[in-house]
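The primary structure of each chain is shown beneath.
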Amino acid sequence: MKKATPGKATILALGKAFPHQLVMQEFLVDGYFKNTNCDNLELKEKLTRLCKTTTVKTRYVVMSDEILSKYPELALEGLPTVTQRLDICNDAVTQMAIEASQACVKSWGKPVSEITHVVYVSSSEARLPGGDLYLARGLGLSPETQRVMLYFAGCSGGVAGLRVAKDIAENNPGCRVLLATSETTIIGYKPPSTDRPYDLVGVALFGDGAGAMIIGTDPDSDGEKPLFELHTAIQNFLPNTEKSIDGRLTEEGISFKLARDLPQIIEDNIEGFCEKLMKLVTDKEYNDMFWAVHPGGPAILNRMEKRLDLLPEKLNASRRALMDYGNASSNTIVYVLEYMLEESSKMKNDEIGNPEWGLILAFGPGITFEGILARNLTV
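Okay, so let's go over this structure. From a predicted model like this one, the values you see are computed outputs, not experimental measurements.

Topic: the overall build of the protein chain
Okay, step 1: Of the regular secondary structure elements, the protein chain holds 11 helices and 13 strands.
Okay, step 2: The C-alpha radius of gyration of the protein chain comes to 20 Å, within 12% of the 21 Å expected for a compact globule of 379 residues.
Okay, step 3: Its C-alpha atoms put the protein chain at 60 × 50 × 40 Å along the principal axes.
Okay, step 4: Of all 379 residues assigned to the protein chain, the portion counted as buried reaches 55%.
Okay, step 5: Long-range contacts, defined as pairs at least 24 residues apart, comprise 80% of the intrachain contacts of the protein chain with a sequence gap of at least 6.
Okay, step 6: Put simply, the protein chain shows about 16600 Å² of open surface, and 51% of that area lies on carbon and sulfur atoms.
Okay, step 7: Counting 40 positive and 50 negative side-chain charges, the protein chain places the averaged centre of each group 1 Å from the other.

Laid out in structure tokens, this is it:
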């Protein structure tokens, strides 16, 4: 176990939670077309192909037969349903965030009364007060707990939240920050349409769930076991790419358009972004480091692997998270980090190379790149 650098933020615990519905990818197409009463064979064949190329095997979703029975309008085209969607989403994301946070606190081993700050991330709800308050209330946190809310940061939200939590922890010695992320696809659930063929990518790829982390500096030697040290965090946006990930909240819920060249744009810019972080540990090559990358989709991971000439196993944790949970937006980085620790433990047992330094990366609307240079303290 490595020692944390005094004053540097560390991840002290991880936690996750999911809704009850587990969807097997091989059954998704028939179920989706049945639930939306669609018999368009061309769209069905396209979704079948997409389900195979995403590499996703299982996902958890809030959507259920009970919800569709209560709100049949969600499966119809062109109806104003944002009120119904938010009624479902607001409750669902709060419950999942509470459960993920409780799992995280249990792993941490300290009482919730020691949490001083909350950073809450979601692109699946909209209300005043926000989910940060309902999370704090649900956990029984002190009314003096300081809260920050990040809305509609999309897939980069988890790492953005980690960057904010790091800043809070390092500027408030002794504090303990709860970072919670929670997402559901109900906010954008729609029937298939020839007018929106890009919607099928989301149907084949995205999943629901929640994640949580405890972040703080100078871990208590009496019980706290730091997992990762957060050395340096940066954020960049790429000028003139704001339409590449285009999301709009409308009367029919949220609608997304993902540009076809999104993987290419990320590939073209990833090396320069990583170099900005890696120059702080100049003796490291790409394959000397660990890679905890938000799995936006297999094409993004494949292009990163090719451009950076990474060994195939370097993105194992990201590929496993994608396979088991789909792209769960801001949550997914928590699942990647859990798998990273699991694989690191195996490497330790096998006595093979186990990198101490690595990068935590995510890409979201903007196009925004989020990156953290980190140390694995468990090696």
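Still more to cover.
Concerning the sheet that holds strand 6 (residues 177-183)
Okay, step 1: The strand order 5-4-6-7-1-8-13-12-11 describes an open sheet built from 9 strands, whose pairing is mixed. A strand with exactly one partner marks an edge of an open sheet, and here the two such strands are strand 5 (146-151) and strand 11 (290-293). This sheet shows a mean twist of 25 degrees between the axes of neighbouring strands, independent of strand direction.
Okay, step 2: Alignment of strand 12 (residues 357-364) against strand 13 (residues 368-376), held across 8 bridges, turns out to be antiparallel. Directly across from Trp-357, in strand 13, lies its bridge partner Arg-375.

Points about the side chain of Thr-332
Okay, step 1: By secondary structure assignment, the location of Thr-332 is in helix 11 (residues 332-350).
Okay, step 2: A polar contact of 2.9 Å, which involves the side chain of Thr-332, links it to the backbone nitrogen of Ala-328.
Okay, step 3: With sequence-adjacent residues up to four places away left out, Thr-332 is seen in contact with His-294, Pro-295, Ala-321, Gly-326 and Asn-327.

Notes on the environment of Leu-79
Okay, step 1: The residue Leu-79 is located in the loop between helix 3 (65-70) and helix 4 (82-108) in this model.
Okay, step 2: Taking the C-alpha atoms as reference points, Leu-79 and Lys-243, separated by 164 residues in sequence, lie 25 Å from one another.
Okay, step 3: Every residue in contact with Leu-79, bar those within four places of it in the chain, is listed here: Glu-73, Glu-251 and Glu-252.

Examining the packing of helix 9 (residues 298-307) against helix 10 (residues 316-325)
Okay, step 1: Two elements in contact, helix 9 and helix 10, have axes separated by 11 Å at closest approach and are oriented at 170 degrees. When the interaxial angle is binned, helix 9 and helix 10 end up roughly antiparallel. Note on element contacts: helix 10 touches helix 9 through Ser-318, Arg-319 and Leu-322, opposite Pro-298, Leu-301, Asn-302 and Glu-305.
Okay, step 2: Here the contact of helix 9 with helix 10 is built from residues that sort into 3 nonpolar, 2 polar and 2 charged.

Concerning the pattern of salt bridges
Okay, step 1: Going through the model one piece at a time under the given rule, you end up with 21 salt bridges.
Okay, step 2: For the salt bridge of Glu-170 with Lys-166, the shortest nitrogen-to-oxygen distance reads 2.7 Å. You can see Glu-170 and its partner Lys-166 sitting in helix 6 (residues 157-171), 4 residues apart, about one turn around the helix.
Okay, step 3: Arg-196 serves as the salt-bridge partner of Asp-199, at 2.5 Å between the closest nitrogen and oxygen. Residue Asp-199 shares its accessibility class with Arg-196, and that shared class is buried.
Okay, step 4: Taken together, the salt bridges that share partners define one network made up of Lys-2, Glu-229, Glu-356 and Arg-375.

Remarks on the packing of aromatic side chains
Okay, step 1: Counted by the stated rule, this structure contains 13 aromatic pairs.
Okay, step 2: Ring centres 5.6 Å apart and planes at 85 degrees place the aromatic pair Tyr-32 and Phe-33 in the edge-to-face group. The two residues Tyr-32 and Phe-33 agree in class, both being buried.
Okay, step 3: When the centroid spacing of 5.3 Å and the interplanar angle of 75 degrees are considered together, the rings of Phe-273 and Phe-369 count as edge-to-face. Pair noted here: Phe-273 is in helix 8 (residues 262-278) and Phe-369 is in strand 13, with a separation of 96 residues, a long-range link. Judged on exposure class, the residue Phe-273 and its partner Phe-369 are both buried.
Okay, step 4: Taken together, the ring pairs in this structure connect Phe-18, Tyr-60, Tyr-325, Tyr-335 and Tyr-339 into an aromatic cluster.
Okay, step 5: Lying over the aromatic face of Tyr-339, Arg-320 brings its terminal NZ or CZ to 3.9 Å of the ring centre.

A short note on the side chain of Thr-378
Okay, step 1: Here Thr-378 shows up in the segment after strand 13.
Okay, step 2: A distance of 2.6 Å separates the side chain of Thr-378 from the side chain of Asn-376, its partner in a polar contact.
Okay, step 3: Ignoring any residue separated from it by four or fewer positions in sequence, one finds Thr-378 in contact with Met-1, Pro-226, Leu-227, Leu-341, Ser-344 and Lys-348.

Brief notes about helix 8
Okay, step 1: The first and last C-alpha atoms of helix 8 sit 24 Å apart over 17 residues, in line with the 24 Å expected at 1.5 Å per residue.
Okay, step 2: The largest bend along helix 8 measures about 40 degrees and falls at Ile-270.
Okay, step 3: If you check which residues of helix 8 are buried, you get Leu-262, Pro-263, Ile-265, Ile-266, Glu-267, Ile-270, Phe-273, Cys-274, Leu-277 and Met-278.

Examining the packing of helix 1 (residues 25-35) against helix 2 (residues 41-53)
Okay, step 1: Between helix 1 and helix 2, the least distance of the axes is 9 Å, while the angle of their chain directions is 155 degrees. Considering their axes alone, helix 1 and helix 2 lie roughly antiparallel with respect to each other. Here helix 1 runs over helix 2; the crossing is right-handed. Residues Gln-25, Leu-28, Val-29, Asp-30, Tyr-32 and Phe-33 of helix 1 lie in contact with helix 2, whose contacting residues are Leu-43, Lys-44, Leu-47, Thr-48 and Cys-51.

Basis of the calculations
Positions within a chain are numbered from 1, following the residues in the order the chain's sequence is written. Reporting of local features is limited, given that this is a predicted model, to residues whose pLDDT is at least 70; pairs of side-chain atoms are given and counted only at 80 or more, and all residues count toward the totals for whole chains, interfaces and linings. Water and hydrogen atoms were dropped before computing side-chain values, which therefore reflect all heavy atoms in the structure. Under the DSSP-based scheme used, a helix requires at least four consecutive residues in state H or I and a strand at least two consecutive residues in state E, with every element numbered from the N terminus. The globule rule used for comparison is 2.2 Å times the number of residues to the exponent 0.38, while the radius of gyration itself is calculated over C-alpha atoms. Throughout, exposure labels follow a simple rule: accessible area from a 1.4 Å probe, protein chains only, divided by the maximum for the residue type, with under 20% read as buried, over 50% as exposed, and the rest as partly exposed. Contacts are assigned to residue pairs that have any heavy atoms within 4.5 Å of one another. Computed by Shrake-Rupley with a 1.4 Å probe, the accessible areas treat only the displayed protein chains as cover when residues are assessed. Charged residues are defined here as Lys and Arg on the positive side and Asp and Glu on the negative side; His and the ends of the chain fall outside this count. We put the charge of a Lys on NZ, of an Arg on CZ, of an Asp on CG and of a Glu on CD. Each pair of strands is called paired provided DSSP finds at least two bridges between the two strands. Whenever a helix is involved, its axis is fitted only over the stretch in contact; in every case the axis is a line through C-alpha atoms, and angles between N-to-C directions fall within 0 to 180 degrees. Pairs of N or O atoms within 3.5 Å make up the polar contacts considered here, provided that, within protein, one atom can donate a hydrogen while the other can accept it, and that residues adjacent in sequence are counted only when both atoms are side-chain atoms. Just so you know how the angles are binned, under 35 degrees is roughly parallel, over 145 roughly antiparallel, 65 to 115 roughly perpendicular, and the rest oblique. Side-chain classes are defined by residue name, with Ala, Val, Leu, Ile, Met, Phe, Trp, Tyr, Cys and Pro counting as nonpolar, Asp, Glu, Lys and Arg as charged, and the others, Gly among them, as polar. A side-chain nitrogen of Lys or Arg and a carboxyl oxygen of Asp or Glu constitute a salt bridge if their distance falls within 4 Å. Working definition: a ring pair exists when centres of Phe, Tyr or Trp rings (six-membered ring for Trp) sit within 6.5 Å. Plane angles under 30 degrees give stacked, over 60 give edge-to-face, the rest tilted. Placement of a charge over a ring requires the Lys NZ or Arg CZ to be within 6 Å of the ring centre, with the centre-to-atom vector within 35 degrees of the ring normal. Helix span is expected to be 1.5 Å times the residue number reduced by one. Fitting axes to the seven residues ending at a residue and to the seven starting there, one defines the bend at that residue as the angle between these axes. The handedness criterion is simple: a crossing whose near helix is rotated anticlockwise from the far helix by less than a right angle is left-handed, and one whose near helix is rotated clockwise is right-handed.

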